[in-house]
Amino acid sequence: SVAALPVALGSPAALLAAPGLRGRLGLALHAAGVNAALLLLYPRPLYKIAVRACFLGFAFGCGILLSAGRTAWRHFGWYMCSLSLFHYSEYLVTAINNPRSLSLDSFLLNHSFEYNLAALSSWVEFTLEKLLFPELKQITWLSTVGLLMVIFGDCLRKAAMLTAGSNFNHIVQNEKSDTHTLVTSGVYGWFRHPSYVGWFYWSIGTQVLLCNPICVVGYALASWRFFRERIEEEEITLIHFFGEEYLEYKRKVPSGLPFIRGVKVEL
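How each quantity is defined
- Residues numbered from 1 in each chain as written.
- Predicted model: local features only at pLDDT ≥ 70, side-chain atom pairs only at ≥ 80, totals over all residues.
- Heavy atoms only, no water.
- Helix = DSSP H or I, 4+ residues; strand = E, 2+ residues; numbered from the N terminus.
- Buried < 20%, exposed > 50% of the residue type's maximum accessible area, 1.4 Å probe, protein only.
- Contact = heavy atoms within 4.5 Å.
- Areas by Shrake-Rupley, 256 points an atom, 1.4 Å probe, with all protein chains shown as cover.
- Lys, Arg positive; Asp, Glu negative; His and termini not counted.
- Charge placed at Lys NZ, Arg CZ, Asp CG, Glu CD.
- Polar contact = N/O pair within 3.5 Å; in protein donor to acceptor, adjacent residues only side chain to side chain.
- Axes fitted to C-alpha atoms, helices over the stretch in contact; angles between N-to-C directions.
- Parallel < 35°, antiparallel > 145°, perpendicular 65-115°, else oblique.
- Left-handed = near helix turned anticlockwise from the far one by under 90°.
- Nonpolar A, V, L, I, M, F, W, Y, C, P; charged D, E, K, R; others polar.
- Arc of directions from axis to C-beta.
- Phe/Tyr/Trp six-rings, centres within 6.5 Å; stacked < 30°, edge-to-face > 60°.
- Salt bridge = Lys/Arg side-chain N within 4 Å of Asp/Glu carboxyl O.

Chemist: Help me understand the overall build of the protein in this model?
Modeler: Across its full length, the protein carries 9 helices and 0 strands. Secondary structure elements in the protein, listed N-terminal to C-terminal, are α-α-α-α-α-α-α-α-α. Counting only C-alpha atoms and orienting by the principal axes, one finds that the protein spans roughly 70 × 45 × 30 Å. Across the 267 residues in the protein, those meeting the buried criterion constitute 43%. In the protein, 72% of the contacts between residues at least 6 apart in sequence involve partners at least 24 apart. Of the roughly 14500 Å² of accessible surface on the protein, a fraction of 67% belongs to carbon and sulfur atoms. Within the protein, the 18 negative side-chain charges are centred at a point lying 9 Å from the centre of the 22 positive side-chain charges.

Chemist: Please clarify how the environment of R230 should be interpreted in this entry.
Modeler: Among the secondary structure elements, R230 is positioned in helix α8 (residues 213–242). Residues within four places of R230 in sequence aside, it is in contact with H170, I171, V172 and Y196. Among the polar contacts made by the side chain of R230, one reaches the main-chain carbonyl oxygen of H170 at a distance of 2.8 Å.

Chemist: Can you walk me through the packing of helix α5 (residues 113–132) against α8 in this structure?
Modeler: Two elements in contact, α5 and α8, have axes whose closest approach is 9 Å; the angle formed by their N-to-C orientations is 160°. On the basis of the axis angle, α5 is roughly antiparallel to α8. The element α5 and its partner α8 pack so that their crossing is right-handed. Judged by residue contacts, A118, A119, S121, S122, E125 and E129 of α5 engage P213, I214, C215 and Y219 from α8. Here the contact of α5 with α8 is composed, by residue class, of 6 nonpolar, 2 polar and 2 charged.

Chemist: Where do I start with helix α9 (residues 244–252) in this structure?
Modeler: When we look at burial in α9, the residues that qualify are Y246, L247, Y249 and K250. In an axial view of α9, the angular spread of the buried residues amounts to 160°, which keeps them on one side of the axis. For α9, the exposed residues lying more than 90 degrees away from the buried face are R251 and K252. The secondary structure elements touched by the buried residues of α9 are α8.

Chemist: Just checking my understanding: could you explain the packing of aromatic side chains for this structure?
Modeler: In total, this model carries 14 aromatic pairs according to the counting rule given. A centroid spacing of 5.3 Å and a plane angle of 45° characterise the contact between F76 and Y79, whose relative ring orientation is tilted. Pair noted here: F76 and Y79 are both in helix α4 (residues 74–97), with a separation of 3 residues, about one helical turn. With relative accessibility at 4%, the residue Y79 sits in the buried group. Both rings, one in F86 and one in W202, keep their centres 4.1 Å apart while their planes meet at 20°; by these two values the pair is stacked.

Chemist: What is the right way to look at the pattern of salt bridges in this model?
Modeler: Between side chains of opposite charge, a pair can form as their charged atoms come close. Tallied over the entire structure, the rule returns 10 salt bridges. For E129, the salt bridge goes to K137, with nearest N and O atoms at 2.7 Å. Considered together, E129 and K137 belong to a single accessibility category, that of buried residues. A salt bridge links E229 to R225; its shortest N-O distance comes to 3.6 Å. Here R225 and E229 lie together in helix α8, a separation of 4 residues that amounts to about one turn. One network of salt bridges, in which partners are shared, links E90, D154, R157 and K158.

Next comes the structure, spelled out in structure tokens:
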């Protein structure tokens, strides 16, 4: 519906990038109207879900509008589509795979303060460099490489989630459930932690897409450190759950992330 607004308003497709307030006012009224409809349609618990999904859809639509223009904001539109689709699909795939673990946190919109700060930093860098070095934001081939990294990373992560089924959870589990099994097939035959591999390259790809040199380095270092610690924490639990079965799997299959071998096991 957001992508259809230019037709309804008789405005250019690049509604957000065009001068004037008409398009922006139309977007604001559209968002307010949809929010009011959601309040009427859904009780409070479901409204909290619906409004987040709607917000992500609205961001995706705005990304399409920006992508339709031939301005420096075009690649930022690609980024908006990638970011909103990632967070929406996290909730959707969890709902399909493991509905018992489903919550508002499954959108990962409130992942952590550091995650939100990293996103804000990338927006600030893009805006400042767009003003100071506009030609830096016009390197279409580099943004295309970033977009391909984003697509690859997100597809790999979702493939890992679907392959793991109910075994996948956004939170590292400390207790083994009756249905918890060690998954070694599909993408888990390539990497021990394919969901982290996908997220790692997705996150870096978003900054390549934006042509943000500072955040490319920052995201790579921060993501690597985060996943190194997360993998070590998770593998301690997996060894506790599956013992020698996991140790054998660990010997045969790499973690998938550069220079990360996982928890060290004393023999």
